[in-house]
Amino acid sequence: MKIVRSIAKMQELSRQTRSAGLTVGFVPTMGYLHDGHVSLIRLARESANVVVVSIFVNPTQFNSADDFTNYPRDEKTDEALLEEEGVDILFLPDAADVYPQGAATRVAVSGLTDYLCGAFRPGHFEGVATVVAALLNMVLPDVAVFGRKDFQQIQIVRRMVRDLHFGVTIVEGATSRERDGLARSSRNARLCAAERAVAGAIYAALSAGAQEYGRGQRSVSVLKQAALRRIEQAPGFRVEYLEVVDPDAIKPVDNADERSVMAIAAWLGPVRLIDNVTLADQALAVTEGTSTGAQSPAANTAIPTHSGV
Ligand code: PAF
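Residues numbered from 1 in each chain as written. Predicted model: local features only at pLDDT ≥ 70, side-chain atom pairs only at ≥ 80, totals over all residues. Heavy atoms only, no water.

1. Considerations on the packing of aromatic side chains
So, step 1. Summed over all chains, the structure comprises four aromatic pairs.
So, step 2. Taking the centre distance of 5.5 Å and the plane angle of 75° together, the rings of Phe 62 and Tyr 71 count as edge-to-face. Take Phe 62 and Tyr 71: they sit in the same class, and that class is buried.
So, step 3. Taken together, the ring pairs in this structure connect Phe 62, Phe 68 and Tyr 71 into an aromatic cluster.
So, step 4. Of note, Arg 73 hangs over the ring of Phe 68, and the distance from its end group to the ring centre comes to 4.8 Å.
So, step 5. The residue whose ring lies beneath Arg 218 is Tyr 213, and the NZ or CZ to ring-centre distance is 3.7 Å. (Phe/Tyr/Trp six-rings, centres within 6.5 Å; stacked < 30°, edge-to-face > 60°. Buried < 20%, exposed > 50% of the residue type's maximum accessible area, 1.4 Å probe, protein only. Lys NZ or Arg CZ within 6 Å of the ring centre and 35° of its normal.)

What follows is the structure, encoded as structure tokens:
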């Protein structure tokens, strides 16, 4: 595996690959890699000849300096995992190169950021869109892979790529889940044992909403009540939002249809967890018994307060 820090070198390697008639698949990450990233890397491998993974903890998408500082990092373990996965290039750009002195350009995808995470994390998606645009220009991939867990993010990236005519195909990787259904995320490492024991309730709540949908219920307020009842059985959660949205407009709807997505953000101790499902697909998975996890949350487990790592 080549480790590349220079943007010019990265661009040169991509251009060489493409002029040799090969394709470049790209997985942008912020590191602290887990099985969810591995599944995206394998998808990139299926979609392209040469796989590039970037690790860059992007300062402009964090809402607080503390969150940026506390974001978990472990470059050595990440490097070993990428080597084992047969990744061709690990791209590690420096913040000073990504954002050169006096950088004044921002990419804003309007409309799609009004609800869900966009409503609670001002500036977050501008930071994401700006860095993804910059990374696409640095890596020059044919295909870029993003995880479905960050549903609003991938919709924003798709719109940006379409509107600004980036010549790249965006591929969506399914949400990778733990046995209890918890969506894999680098932030999960900051949950203490008691929090981790109940964290699967977030997925169980989405599944409960989907089950109501599967029974024929279309009223979003009823679907939301079913999901909220489920999450309230687990101690320690503070729900930030629970919405059912149209997936293209990312706007809440009153009545769900077969494309509607139920999305949630909830705090558990120091960690903000997010997740989402397409209600119709999840209803089917629950009925057919193919949905991951969704075991009962361990009700009445005490959550100690701590400041996290
Ligand atoms: O999903 C992430 O890890 C980040 O938001 C991304 C896409 C790497 C941009 O910093």
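Back to the write-up after that little detour.
2. Section: the site of the ligand
So, step 1. Around the ligand, the neighbouring residues are Pro 28, Thr 29, Met 30, Asn 58, Gln 61, Val 131, Phe 146, Asp 150 and Gln 153.
So, step 2. Between the ligand and the protein, one listed contact pairs an oxygen atom with a side-chain N or O atom of Gln 61 at 2.6 Å.
So, step 3. Protein burial of the ligand: of its 290 Å² of free accessible surface, 88% is covered by the chains.
So, step 4. Within the shell around the ligand, the residues separate by chemical class into four nonpolar, four polar and one charged. (Near = heavy atom within 4 Å. Polar contact = N/O pair within 3.5 Å; in protein donor to acceptor, adjacent residues only side chain to side chain. Areas by Shrake-Rupley, 256 points an atom, 1.4 Å probe, with all protein chains shown as cover. Nonpolar A, V, L, I, M, F, W, Y, C, P; charged D, E, K, R; others polar.)

3. Notes on the sheet that holds strand β10 (residues 271-278)
So, step 1. Within the open sheet, the four strands sit side by side as β8-β7-β9-β10. Their pairing is antiparallel. Of all the strands in the sheet, the pair left with one neighbour each is β8 (251-252) and β10.
So, step 2. For strand β7 (residues 237-246) and strand β9 (residues 261-268), the ladder comprises eight bridges, and the chain directions are antiparallel. Bridging across to β9, Val 245 finds its partner in Val 261. (Pairing = 2+ DSSP bridges. Helix = DSSP H or I, 4+ residues; strand = E, 2+ residues; numbered from the N terminus.)

4. Side note on the sheet that holds strand β6 (residues 169-173)
So, step 1. Pairing is parallel in the open sheet, where six strands are placed in the order β1-β4-β3-β2-β5-β6. Edge positions in the sheet fall to β1 (2-4) and β6, since each has one partner strand and no second. Taken pair by pair, the neighbouring strands of this sheet meet at an average axis angle of 25°, ignoring direction.
So, step 2. Of the pairings in the sheet, the one linking strand β5 (residues 143-147) to β6 comprises five bridges and is parallel in character. Pairing of Phe 146 across the sheet is with Glu 172, part of β6.
So, step 3. Together, β2 (24-29), β3 (50-55), β5 and β6 form the strand contacts of helix α2 (residues 35-47), whose direction differs from that of β5 by roughly 155°.
So, step 4. Running over the sheet, helix α8 (residues 151-163) touches β5 and β6 and is turned about 170° from β6. (Axes fitted to C-alpha atoms, helices over the stretch in contact; angles between N-to-C directions. Contact = heavy atoms within 4.5 Å.)

5. Topic: unusual backbone geometry
So, step 1. Phi is positive for Leu 116, close to 50°, though the residue is something other than glycine.
So, step 2. Its place among the elements puts Leu 116 in the loop between α5 (95-98) and α6 (117-120).
So, step 3. Classification of Leu 116 as buried rests on a relative accessible area of 4%.

6. Quick notes on the layout of surface pockets
So, step 1. Of the volumes computed, that of the second largest pocket is approximately 290 Å³.
So, step 2. Together, 14 residues line the second largest pocket, and Arg 177, Tyr 203, Val 277, Asp 281 and Gln 282 are the ones closest to its centre.
So, step 3. In terms of residue class, the lining of the second largest pocket is made up of four nonpolar, seven polar and three charged. (1 Å grid on protein atoms, 1.4 Å probe; cavity = no way out; pocket = protein on both sides within 12 Å on 5 of 7 lines; lining within 4 Å. Points joined across faces, edges and corners; volume = space filled by probe spheres on them.)

7. Description of the packing of helix α7 (residues 124-139) against α8
So, step 1. Axis separation between α7 and α8 bottoms out at 10 Å; the angle between their running directions is 55°. The angle between α7 and α8 falls in the class oblique. Crossing hand, α7 versus α8: right-handed. Across from Phe 125, Val 128, Ala 129, Val 132, Ala 133 and Leu 136 in α7, the residues of α8 making contact are Gln 152, Gln 153, Ile 156, Val 157, Met 160 and Val 161.
So, step 2. Here the residues of the contact of α7 with α8 sort into ten nonpolar, two polar and no charged. (Parallel < 35°, antiparallel > 145°, perpendicular 65-115°, else oblique. Left-handed = near helix turned anticlockwise from the far one by under 90°.)

8. Some remarks on the packing of helix α1 (residues 7-19) against α7
So, step 1. The contact between α1 and α7 brings their axes to 7 Å, and the two run at 60°. As the angle between them shows, α1 and α7 are arranged oblique. Packed against α1, whose contacting residues are Ile 7, Met 10, Gln 11 and Ser 14, the element α7 presents Asn 137, Met 138 and Val 139 at the interface.
So, step 2. Its residues placed into classes, the contact of α1 with α7 shows four nonpolar, three polar and no charged.

Coordinates in, geometry out; function isn't part of it.
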